[in-house]
Amino acid sequence: MAITKILIANRGEIACRVMRTAKKMGIKTVAVYSDADARAPHVLMADEAVHIGPSPAAQSYLLADKIIEACKQTGADAVHPGYGFLSERESFRKALDAEGIVFVGPPANAIAAMGDKIESKKLAKEAGVNVVPGYVGVIDDTEHAVKISNEIGYPVMMKASAGGGGKGMRLAYSEQDVREGFEATKREGLASFGDDRVFIEKFIESPRHIEIQVLGDQHGNIVYLNERECSIQRRHQKVVEEAPSPFVSPEMRRKMGEQCVALARAVGYFSAGTVELIVSGEDKTGDGFYFLEMNTRLQVEHPVTEEITGVDLVEQMIRVANGEALSFTQADVKINGWAIENRVYAEDPYRGFLPSTGRLIRYNPPEDGTDGTGAKVRVDDGVTEGGEVSMFYDPMIAKLITWAPTRIEAIDKQIEALDRFEIDGPGHNIDFVSALMQHERFRSGNITTGFIAEEYPEGFKGAPASADLVKRLSAIGAFAAMAQADRARRIEGQLGKRLAPPTGWQVKIDDHVHDVVIDGDDVTVDGETVDMALEYTPGDRLIEAEFGDDRLAVRIAPVRSGFVLTAHGASHKLRILPAHAAQHAVHMIDKVPPDLSRFLICPMPGLLVALNVKEGDKVEVGQPLAVIEAMKMENILRAGKAGTVKSVSAKQGESLPVDAVILELE
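For clarity, every value in this text was computed on a predicted model and none was experimentally measured.

Criteria and cut-off values
Residues numbered from 1 in each chain as written. Predicted model: local features only at pLDDT ≥ 70, side-chain atom pairs only at ≥ 80, totals over all residues. Heavy atoms only, no water. Axes fitted to C-alpha atoms, helices over the stretch in contact; angles between N-to-C directions. Helix = DSSP H or I, 4+ residues; strand = E, 2+ residues; numbered from the N terminus. Parallel < 35°, antiparallel > 145°, perpendicular 65-115°, else oblique. Left-handed = near helix turned anticlockwise from the far one by under 90°. Contact = heavy atoms within 4.5 Å. Nonpolar A, V, L, I, M, F, W, Y, C, P; charged D, E, K, R; others polar. Buried < 20%, exposed > 50% of the residue type's maximum accessible area, 1.4 Å probe, protein only. Salt bridge = Lys/Arg side-chain N within 4 Å of Asp/Glu carboxyl O. Pairing = 2+ DSSP bridges. Phe/Tyr/Trp six-rings, centres within 6.5 Å; stacked < 30°, edge-to-face > 60°. Lys NZ or Arg CZ within 6 Å of the ring centre and 35° of its normal. Disulfide = S-S within 2.5 Å. Polar contact = N/O pair within 3.5 Å; in protein donor to acceptor, adjacent residues only side chain to side chain. Core = buried A, V, L, I, M, F, W, Y, C linked by side-chain atoms within 4.5 Å. Patch = residues over 30% accessible without salt bridge, like charges linked within 9 Å, V, L, I, M, F, W, Y side chains within 5 Å. Areas by Shrake-Rupley, 256 points an atom, 1.4 Å probe, with all protein chains shown as cover. Lys, Arg positive; Asp, Glu negative; His and termini not counted. Charge placed at Lys NZ, Arg CZ, Asp CG, Glu CD.

Peer 1: Provide a residue-level description of the packing of helix α12 (residues 407-419) against helix α13 (residues 430-438), including the pertinent values.
Peer 2: Where α12 meets α13, the closest approach of the two axes is 9 Å, and the angle between their N-to-C directions is 155°. Judged by the angle between their axes, α12 and α13 are roughly antiparallel. The handedness of the crossing between α12 and α13 comes out as left-handed. Touching Ile-411, Gln-414, Ile-415 and Leu-418 of α12 are Ile-430, Val-433, Ser-434, Met-437 and Gln-438, all from α13. Split by residue class, the contact of α12 with α13 holds 6 nonpolar, 3 polar and no charged.

Written as structure tokens, this is what we have:
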């Protein structure tokens, strides 16, 4: 029996994504929603919508009974779980089976087998998949440890069995390291965790996170749809994904793909699934890949695979759930061009990536479509202007996917499209992902899972701007200032009747000063001619400029004595003066921002759950002063300087807005 109505047991971007394909296939859709999502885009997009409870996911999206009730109420004969929430719950699949409702996903036994970290490793090993070489049994003494380490091959990691948080771990590059470190690791395990058992496994150098997309039907056909590179991560959260991987050779792709298909076959897998592998960047043989885990669902990053293979994964999942056989074989799977996805999150990279919530006062993504060169932009989102980025769920705003014939073209298309994103309200990471796209190491493809930690150890301060970009921005700023002066001239009496707007301008941008002259269509910066074409009307928020064959989209906002221009991963404040006034600039004293270091300021909206000091207490640098709970996470606020608490302005249990003063030091 064919599926006629599908309920999407999810929200946001993925719910909208599934609905688009269902509509294309002529299948009716049902949305479910919590209080927080009552007016969300996925609710408006569906043919029917059912309210399933309060905002917290545990009281709505995670309740299988509510989902099944909604199916019965609407007559939905199938459920697509998306990712997260109930997508990898064996019990949910079984409950749907019992009710005769089709689950668009793998069978219950496959979900169970792959959900258990130890069980899945055993299965992978039996299926002939490389697993990280290691010894899990009890190790008797140092000699035994040396023997095991020699068999595994160096470097090895000795880990306390009960370890965690980086404790009880030692890296050994040689037999001598093992002799010196084994007993110490045992002692650390005993001291920290009351357990001195140690296991040893191979240490993967320059680790890359590469995953294989598999797809199977209920007739025993399984194919792999190439790989995705997901090494750019922050705190184990993927930020950038691409397909194919710049590291994987055709031979390595075949080996990885065939092993992953063998694993899927071993558990009787059907539908879409992803096998995650850790790959040694130091191993050039093409055999240095090892099984991590299998995700028995659609992945967030599935669009990059769709763009290079031309396969709609959601459509295939629905067809497989319907009992159809795959309409193509492994030989039909090709790689066409390169695709990259950036995840646009509501988090503030300038404040240590703290989560940011609130209303999207402005939300204007770049347009989907293909440009003259054939490069493509695709935006998968589930938010709308005026909507709320809620504290109850994942802070993803959108996914920006670009496709182009080559990797560098796809990366450059990302930079261009990111410049066109307009988001006002919550903080967002657009500058940060744009900086990643411009980073020479990322562009070279020489990336590991440690990339962000290694390249931004001090946090993110904005992408560095080239001298060429600074010149272009100063020309755009001068043009905008001239347009404003021209408008002021034409508003009765503001500049008198005969005064033309100035043509010469001095632009101070960051620490650079440029002289810009605009005479008709001729533009010079510091005496050099700049080929620039743009249109700007005072009040515009986005300027699209052309410099010869280069296009540059710049977000512009007026500030006192100039503009803030945002492009290529950073905002630049421009002070713009007419040339005749610029000579007096030395007398214009810059306002120095006040020193706020003596205040403890709330870094995000949240609940003050603990206040560890009171008036008169002495504090040292790094001492925890307060705890703010936001997005279900507790954030410890520490003292930035030593001093004595002069006054406390907030009370424990109080809900604080961002930038609220909690206490003052003296």
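Peer 1: Tell me about the environment of Arg-234, and please be specific about residues and values.
Peer 2: Relative to the elements of secondary structure, Arg-234 occurs in strand β11 (residues 222-234). Arg-234 gets classed as buried once you look at its relative accessible area, which sits at 14%. C-alpha of Arg-234 to C-alpha of Gly-82: the two residues are 152 residues apart in sequence and 23 Å apart in space. Ignoring any residue separated from it by four or fewer positions in sequence, one finds Arg-234 in contact with Val-239, Glu-347, Phe-353 and Ile-452.

Peer 1: Now, about the pattern of salt bridges: what can you tell me, with residues and values included?
Peer 2: Evaluation of the coordinates by the stated rule reveals 57 salt bridges. A salt bridge links Arg-20 to Asp-380, with the nearest nitrogen and oxygen atoms 3.5 Å apart. One end of the pair, Arg-20, is in helix α1 (residues 12-24); the other, Asp-380, is in strand β21 (residues 376-381), with 360 residues separating them in the sequence. For Asp-380, a relative accessible area of 2% gives the class buried. The partner of Lys-413 in a salt bridge is Glu-416, and the shortest N-O contact between them spans 3.3 Å. A residue pair is termed a helical-turn pair when its members lie 3 or 4 positions apart in one helix, as Lys-413 and Glu-416 do in helix α12 at 3 residues. Among the ionic contacts, a cluster of salt bridges with common partners joins Arg-17, Arg-20, Lys-24, Glu-306, Glu-307, Asp-312, Glu-315, Arg-319, Glu-324, Lys-376, Arg-378 and Asp-380.

Peer 1: Requested: an account of the pairing of strand β14 (residues 289-295), with residues and values cited.
Peer 2: Within β14, 5 of the 7 residues are buried, which leaves it mostly tucked inside the rest of the structure. Relative to β14, strand β13 (residues 271-280) runs antiparallel, the two sharing 6 bridges. Note on β14: the bridge partner recorded for Thr-274 is Asn-295.

Peer 1: Break down the sheet that holds strand β38 (residues 633-638) for me, with residues and values.
Peer 2: Here 4 strands make up an open sheet; going across it, the order is β38-β37-β35-β40 and the pairing antiparallel. Lying at the two open borders of the sheet, with one neighbouring strand each, are β38 and β40 (655-656). Bridge count for strand β35 (residues 606-611) against β40 is 2 bridges, and the pairing is antiparallel. Directly across from Leu-607, in β40, lies its bridge partner Ser-655.

Peer 1: Explain the packing of aromatic side chains to me, and be specific about the residues and the numbers.
Peer 2: This structure, assessed with the given rule, holds 10 aromatic pairs. Where Tyr-363 meets Phe-421, the ring centres are 6.3 Å apart and the plane angle is 50°; that geometry is what we call tilted. Here Phe-421 lies in the loop between α12 and β24 (422-424) and Tyr-363 lies in strand β19 (residues 362-364), a separation of 58 residues in the sequence. Comparing Tyr-363 with Phe-421 shows no difference in burial state: the two are buried. On the numbers, 5.2 Å between centres and 80° between planes, the contact of Phe-432 with Phe-460 is edge-to-face. Residue Phe-432 is found in helix α13, and its partner Phe-460 is found in the loop between α15 (451-455) and α16 (467-490); the two are separated by 28 residues along the sequence. Judged on exposure class, the residue Phe-432 and its partner Phe-460 are both buried. An aromatic cluster is built from Tyr-350, Phe-353, Phe-432, Tyr-456 and Phe-460, whose rings are joined through pairwise contacts. Its guanidinium or amino end placed over the ring of Phe-353, Arg-234 lies 4.0 Å from that ring's centre, counting from NZ or CZ.

Peer 1: Break down the sheet that holds strand β2 (residues 28-34) for me, with residues and values.
Peer 2: Pairing is parallel across the open sheet formed by 5 strands, whose spatial order is β3-β2-β1-β4-β5. Taken across any chain shown, the strands that pair with only one partner, and hence form the sheet edges, are β3 (48-53) and β5 (102-103). Bridge count between β2 and β3: 5 bridges; the pairing is parallel. Looking across to β3, one finds that Tyr-33 is bridged to His-51.

Peer 1: If you had to explain the state of the cysteines to someone new, which residues and values would you point to?
Peer 2: In protein chemistry, a disulfide is the covalent bond that joins the sulfur atoms of two cysteines. Inspection of every chain in the model, using the stated rule, returns 0 disulfides. Between Cys-260, a cysteine without a disulfide, and Cys-230, which holds the nearest cysteine sulfur, the sulfur-to-sulfur distance is 13 Å.

Peer 1: Tell me about helix α7 (residues 142-152), and please be specific about residues and values.
Peer 2: Regarding α7, the residues found buried are Thr-142, His-144, Ala-145, Val-146, Ile-148, Ser-149 and Ile-152. For α7, the secondary structure elements touched by its buried residues are β6 (134-135), β7 (156-160), α8 (175-193) and β9 (198-202). For α7, the N-terminal capping position is held by Asp-141, with its side-chain oxygen 3.2 Å away from the main-chain nitrogen of Glu-143. In the stretch just after α7, Gly-153 is the one whose phi turns positive, near 100°.

Peer 1: Which residues make up the nonpolar core, and what values do they have?
Peer 2: Ile-232, Tyr-363, Ile-397, Phe-421, Leu-436 and Met-437 are the most contacted members of the largest nonpolar core, which totals 39 residues. Those elements that place two or more of their residues in this core are β12 (237-243), β15 (338-345), β21, β23 (396-404), α12, α13 and α15. Looking at this core, the element that brings in the most residues is α13, giving 6 residues. The contacts of Leu-436, once residues within four sequence positions are left out, are Ile-232, Val-239, Val-240, Phe-442, Phe-451, Ile-452 and Tyr-456.

Peer 1: Can you explain a negative patch on the surface? Please cite residues and give values.
Peer 2: Together, Asp-140, Asp-141, Glu-183 and Asp-196 line one region of the surface with negative charge. In this structure, Asp-196 sits in the loop between α8 and β9.

Peer 1: Quick rundown of the environment of Gly-115? Include the residues and the values.
Peer 2: Mapping Gly-115 onto the fold places it in helix α5 (residues 108-115). Taking the relative accessible area as the measure of exposure, Gly-115 reaches 61% and is therefore exposed. Separated by 181 residues in the primary sequence, Gly-115 and Thr-296 place their C-alpha atoms 8.2 Å from one another.

Peer 1: Outline unusual backbone geometry, listing residues and values.
Peer 2: Geometrically, the link from Tyr-154 to Pro-155 is a cis peptide bond, its omega value of -5° lying close to zero. With respect to the element layout, Pro-155 can be found in the loop between α7 and β7. Cis rather than trans, the peptide bond between Ala-243 and Pro-244 has omega equal to -5°. Structurally, Pro-244 can be placed in the loop between β12 and α9 (250-266). The backbone of Asn-226 sits at a positive phi, close to 65°, despite the residue not being glycine. Looking at the element boundaries, Asn-226 is found in strand β11.

Peer 1: Break down the side chain of Ser-60 for me, with residues and values.
Peer 2: Note that Ser-60 resides in the loop between β3 and α3 (64-74). Here Pro-56 takes part through its backbone oxygen, which lies 3.0 Å from a polar atom of the side chain of Ser-60. Among residues more than four places away in sequence, those in contact with Ser-60 are Ser-34, Ile-52, Gly-53, Pro-54, Ser-55 and Tyr-393.

In short, geometric facts, not functional conclusions.
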